[in-house]
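Listed below are the residues making up each chain.
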Amino acid sequence: MTGPLSVARPAGPLSVARPAGLRKRWLVAGLFAVLVALVVGVSLGPVSLPPGSVAAELLNLFPGVHLDSGLTEREIAIVTELRLPRVVLGLLVGGLLALAGGCYQGVFRNPLADPYLLGVAAGAGLAVTAAIALGGAGQQGSLSGLPMTIPLAAFAGSLLAVTMTYVLGAAGGRRGSPAMLILAGVAVSAFLSAGQTYLLQRHADSIQPVYSWLLGRLATAGWHDVLLVLPYAALTTVVVLLHRRELDVLAVGDDEARSLGLHPQRTRYLLIAAASLGTAAAVSATGLIGFVGIIVPHTVRLLAGSSYRAILPLSLLFGGAFLALTDVVARTAAAPSEVPIGVVTALLGGPFFVLVLRTARRVLT
Amino acid sequence: MPAVEVRGLHVDLDGTPILTGVDLTVAVGEWVTVIGPNGAGKSTLLRAVGGLLPAPGAITLFGTPSAALRRRDRARVVATVAQSPVVPPGMSVLDYVLLGRTPYIATLGRESTADVDAVHEVLGRLDLTGFHRRELATLSGGERQRVFLARALAQGATLLLLDEPTSALDIGHQQEVLELVDQLRREHRLTVLATMHDLSLAGEYADRMVMLASGQVVAAGTPTEVLTENLLATHYRASVRVVLGAHGPLVVPIRPTRPQ
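Keep in mind the model is a prediction, meaning the values are calculated, not measured.

**Student:** Looking at this model, I keep getting lost on the overall build of chain A. Mind explaining?
**Tutor:** From N to C terminus, chain A includes 14 helices and zero strands. In sequence order, chain A lays out its α and β elements as α-α-α-α-α-α-α-α-α-α-α-α-α-α. Across the 365 residues that make up chain A, the buried fraction comes to 51%. Here the analysis covers contacts within chain A between residues at least 6 apart in sequence; of these, 79% occur between residues at least 24 apart.

**Student:** Just checking my understanding: could you explain the overall build of chain B for this structure?
**Tutor:** Across its full length, chain B carries nine helices and twelve strands. For chain B, the C-alpha radius of gyration of 19 Å lies close to 18 Å, the compact-globule estimate for 260 residues. With the C-alpha coordinates of chain B rotated into their principal frame, the extents come out at 65 × 40 × 35 Å. Split into buried and exposed, the 260 residues of chain B put 45% on the buried side. Put simply, 64% of the contacts in chain B that link residues at least 6 apart link residues at least 24 apart.

**Student:** So what exactly am I meant to see when it comes to the sheet that holds strand β5 (residues 64–65) of chain B here?
**Tutor:** Adjacent strands of a sheet form backbone hydrogen bonds with each other and so pair up, either parallel or antiparallel. Residues and elements named next belong to chain B. Strand order across the open sheet formed by four strands is β2-β1-β4-β5, with antiparallel pairing between neighbours. For this open sheet the edge positions go to β2 (16–26) and β5, each flanked by a neighbour on one side alone. Seen against the sheet, helix α1 (residues 42–49) touches β1 (4–13), β2 and β4 (59–61) and runs at an angle of roughly 115 degrees to β1.

**Student:** Explain the interface of chain B and chain A to me, please; I cannot follow it from the model alone.
**Tutor:** Interfaces are often sized by the amount of accessible area the parts lose when they come together. The partner chain A presents 23 residues to the 28 residues of chain B that form the contact. Those elements that provide at least two residues to the side of chain B that touches chain A are α2 (71–75) and α3 (93–98) of chain B.

**Student:** I'm lost on helix α2 (residues 51–59) of chain A in this one. Help?
**Tutor:** For the α-helix, the turn length of 3.6 residues means that residues three or four positions removed from each other point alike. Residue and element names in this part refer to chain A. Turning to α2, its buried residues are V54, E57 and L58. For α2, the angular spread of the buried residues around the axis is 100 degrees, confining them to a single face. Away from its buried face by more than 90 degrees, α2 exposes G52 and L59.

**Student:** Looking at this model, I keep getting lost on unusual backbone geometry. Mind explaining?
**Tutor:** A negative phi angle characterises most non-glycine residues, just as the trans form characterises most peptide bonds. The phi torsion at R109(A) lies on the positive side, around 45 degrees, for a residue other than glycine. One can find R109(A) in the loop between α3 (73–107) and α4 (120–135). Unlike most non-glycine residues, D127(B) shows phi in positive territory, near 55 degrees. Following the sequence through the fold, D127(B) ends up in the loop between α4 (113–125) and α5 (141–154). When the 12 C-beta atoms within 10 Å are taken as the criterion, D127(B) is described as exposed.

**Student:** How should the pairing of β2(B) be read in this particular structure?
**Tutor:** Two faces make up the sheet, and in a regular strand the side chains alternate between them. All names here are of chain B. Where β1 meets β2, eight bridges bridge the pair, whose relative direction is antiparallel. For D12, the partnering residue across the bridge sits in β2 and is P17. Counting the residues in the hairpin turn of β1 and β2 gives two residues, including D14, whose phi is positive at 50 degrees.

**Student:** Quick question: what am I supposed to make of the sheet that holds strand β10 (residues 216–221) of chain B here?
**Tutor:** Residue and element names in this part refer to chain B. Overall, mixed pairing links the six strands, which are arranged β6-β7-β8-β3-β9-β10 in an open sheet. In this open sheet, the two edge strands, each paired with only one partner strand, are β6 (78–81) and β10. The mean inter-strand angle of the sheet, taken between neighbouring strand axes irrespective of direction, is 15 degrees. In this structure, strand β9 (residues 208–213) lies alongside β10, joined through five bridges in antiparallel fashion. Within β10, the residue paired with V210 across the bridge is A220. Sitting on the sheet, α1 touches β3 (31–35), β7 (159–163), β8 (191–195) and β9, and the angle it makes with β8 is about 145 degrees.

**Student:** Which parts of the structure should I look at to understand the packing of α3(A) against helix α12 (residues 292–304) of chain A?
**Tutor:** Residues and elements named next belong to chain A. Interaxial distance between α3 and α12 falls to 7 Å at its minimum, and their mutual angle equals 70 degrees. Relative to α12, the element α3 lies roughly perpendicular. Where α3 approaches α12, its residues G94, L97, A98, A100, G101, G102 and Q105 are matched on the opposing element by V292, G293, I294, V296 and P297. Per-class residue counts for the contact of α3 with α12 are seven nonpolar, five polar and no charged.

**Student:** I tried to follow helix α1 (residues 24–43) of chain A on my own but got confused; where do I start?
**Tutor:** Residue and element names in this part refer to chain A. Here α1 is 20 residues long and its end C-alpha atoms lie 29 Å apart, about the 28 Å a rise of 1.5 Å per residue gives. Within α1, burial applies to G30, V34, A37, L38, G41, V42 and S43. On its buried face, α1 is in contact with α2, α3 and α13 (308–332).

**Student:** I keep staring at the confidence of the model for chain A and nothing clicks. Help me out?
**Tutor:** Where the model shows low pLDDT, its predicted coordinates should not be examined in detail. All names here are of chain A. With 86% of its residues at a pLDDT of at least 70, chain A reaches an overall mean of 82. Overall, residues 1–15 carries pLDDT values under 50, and its contacts beyond four positions in sequence, including any with other chains, amount to 16 contacts. Long-range and interchain partners of residues 138–144, a stretch whose pLDDT sits below 50, account for 14 contacts in this model, where long-range means more than four residues apart.

**Student:** Just checking my understanding: could you explain the pairing of β8(B) for this structure?
**Tutor:** Residues and elements named next belong to chain B. Of all five residues making up β8, five are buried, and the element is well covered by its neighbours. Here β8 shows a buried face lined by T191, L193 and T195 and a second buried face lined by V192 and A194. Here β3 pairs with β8 via four bridges, running parallel. Note on β8: the bridge partner recorded for V34 is T195.

**Student:** Got a minute to help me understand the environment of A68(B) in this structure?
**Tutor:** Position of A68(B) among the secondary structure elements: in the loop between β5 and α2. When the C-alpha positions of A68(B) and P56(B) are compared, they lie 9.1 Å apart, and in sequence the two are twelve residues distant.

**Student:** Help me understand the confidence of the model for chain B in this model?
**Tutor:** Of the residues in chain B, 100% have a pLDDT of 70 or more, and the chain-wide mean is 91. For this predicted complex, the interface score ipTM comes out at 0.88, while the overall pTM is 0.87.

**Student:** What am I meant to see in the environment of A179(A) here?
**Tutor:** Residue and element names in this part refer to chain A. Mapped onto the elements, A179 comes out in helix α6 (residues 178–202). Overall, A179 belongs to the partly exposed group, with 16 C-beta atoms counted inside 10 Å. Expressed as a C-alpha distance, the spacing of A179 and L112, which sit 67 residues apart in the sequence, is 8.5 Å.

**Student:** What's the story with the domain arrangement of chain B in this structure? I'm lost.
**Tutor:** Residues and elements named next belong to chain B. Along its sequence, chain B is organised into domain 1 (1–71 + 159–260) and domain 2 (78–156). For domain 1 versus domain 2, the separation of C-alpha centres amounts to 25 Å. Taken together, the contacts link 19 residues of domain 1 with 13 residues of domain 2. Listed by contribution, the elements that provide at least two residues to the side of domain 1 that touches domain 2 are β7 and α6 (171–188). Of the residues contributing to the side of domain 1 that touches domain 2, the split by class is eleven nonpolar, five polar and three charged.

**Student:** Help me understand the nonpolar core in this model?
**Tutor:** In globular proteins that are soluble, nonpolar side chains generally tend to be buried together. Within the largest apolar cluster, 184 residues are counted, with the highest numbers of intra-cluster contacts made by V93(A), V229(A) and V97(B). With 17 residues, the top contributor of residues to this core is α3(A). Each of domain 1 (1–71 + 159–260) and domain 2 (78–156) of chain B contributes no fewer than three residues to this core. Sequence-distant contacts of V97(B), that is, excluding residues within four places in its chain, are made with V119(B), V122(B), L123(B), V147(B), A150(B), R151(B) and A154(B).

Definitions and cut-offs
- Residues numbered from 1 in each chain as written.
- Chains lettered and ligands numbered in written order.
- Predicted model: local features only at pLDDT ≥ 70, side-chain atom pairs only at ≥ 80, totals over all residues.
- Helix = DSSP H or I, 4+ residues; strand = E, 2+ residues; numbered from the N terminus.
- Buried ≥ 20, exposed ≤ 12 C-beta atoms within 10 Å, placed from the backbone.
- Contact = placed C-beta atoms within 7 Å.
- Rg over C-alpha atoms; globule rule 2.2 N^0.38 Å.
- Pairing = 2+ DSSP bridges.
- Axes fitted to C-alpha atoms, helices over the stretch in contact; angles between N-to-C directions.
- Arc of directions from axis to C-beta.
- Parallel < 35°, antiparallel > 145°, perpendicular 65-115°, else oblique.
- Nonpolar A, V, L, I, M, F, W, Y, C, P; charged D, E, K, R; others polar.
- Expected span 1.5 Å × (residues − 1).
- pLDDT = per-residue confidence, 0-100.
- Domains from an automatic or database assignment.
- Core = buried A, V, L, I, M, F, W, Y, C linked by C-beta atoms within 7 Å.

Now the structure itself:
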């Protein structure tokens, strides 16, 4: 997180000193990554389609554009009805998880904060499980056709979880150290997972749909799922991005933020709620996909600087691209069967987490 | 109209009384240093004046009751340099000093060119121009203290609260920082309210001193009036000689007895 990164900025008389923030070239790089993920994600699959034709067909979705992509009717249907919603959902969910991770890291001033380590995802998971097991949603072995209220139940579960973690983490002292908070998150996760196991054991008929959802469920995504996530994603994104400068101020601590005229606790609660809503929407649409909230914001921090004004918008873009491309790996690595995407992100995230731990050691001790 | 007026300030923290009826007046342009033994309530007093602790009705800043000020407005009047400010990893000097402009930036907005210009102007004034790209965490203690001051000045406040501004510095840098504060105070008619542990140094720079003990003011006046062998023996339980220096009394610790 230190060292040679600032050197990467152009130096010399032409570059007047500017405050940290989102540099145009990083924004362009992020948008480019999203476009690449979109085209690659739609092109690759059991039926491989030429990327150029796919790009043309994607452009055709805009009103007033009529390009000849050379694809058959059936191939066009694969693009627009099967693959595109899946890729778009991957972009949304990945962006949300990464944004939420970056937001939690700023709010808790804790490099290890992440929707999963804080127990937020487990809380959402328990709530969705309860909705399926008790509410009968997702019978017939599929979750498509989830009611729009499922994300709200997940939101309630995630808020409950993050509150428990926060209270438990603060029990060790007025401020609670970063390590305390994570330990509390682990304890809360374990507790909520136990509740989930109990529920499943009592409602054995819902094991199959819950299990397939748990492992990350981009495979059956349709436009319905995209529409389900979209409003919550938009709300979370707007609230979090509007506060990106305040997160930079919070880095100096609550007392100093207060003497600079802010209301740190008010901002913190609002942002925790927003990030938890985003996590809940992501979890209720695609199940448990871990580590995105750690991998992406930390990589962005290393590349584009430590200001949340850069970290948050770039996490949204690169997080989306990351998950959409991970999904390509998940469905092609062991074709014709699919590896659950949660397994792929965990395989990537485990080693990465060790790296983060090493750099964060100073903060934790 | 005084810069700070404190009347009958009581502060309890977790049920423990920390300050019990403190009165304090600081005139505009004055430098007042609060001294007192550990746990006397010096930092608490500073925090209350800075608006970080609720003190309804007890504190008036430039004629306005502090409790009636919105947090942003108070931040334009009072700037605090904490005892050991948090140094955010990866933040540059420019960005850190820019945080001082927060009370002038709309809640969800971004800084204007005027804010950035103000920061460069402050950096220039504190001889930090070449430092603006440096990462704050890589600076030495003396350089950091100047950056902390720069952030407070960028806030545009005329009342500076300094909590132990020299505690992390060697003796040379202590003098350098205090000289700088005094120079800025004279040039810009700033008011300084500080807490300090080094009594000789405190006495050389303050116009007036206030001694706190067990949450109350036990002495107030010029350094010569407050730094007496008697008062220091009573409230610090210290054995000292007070020698008159060119700029005020100098306090020299004397070992009370020598074991055989």
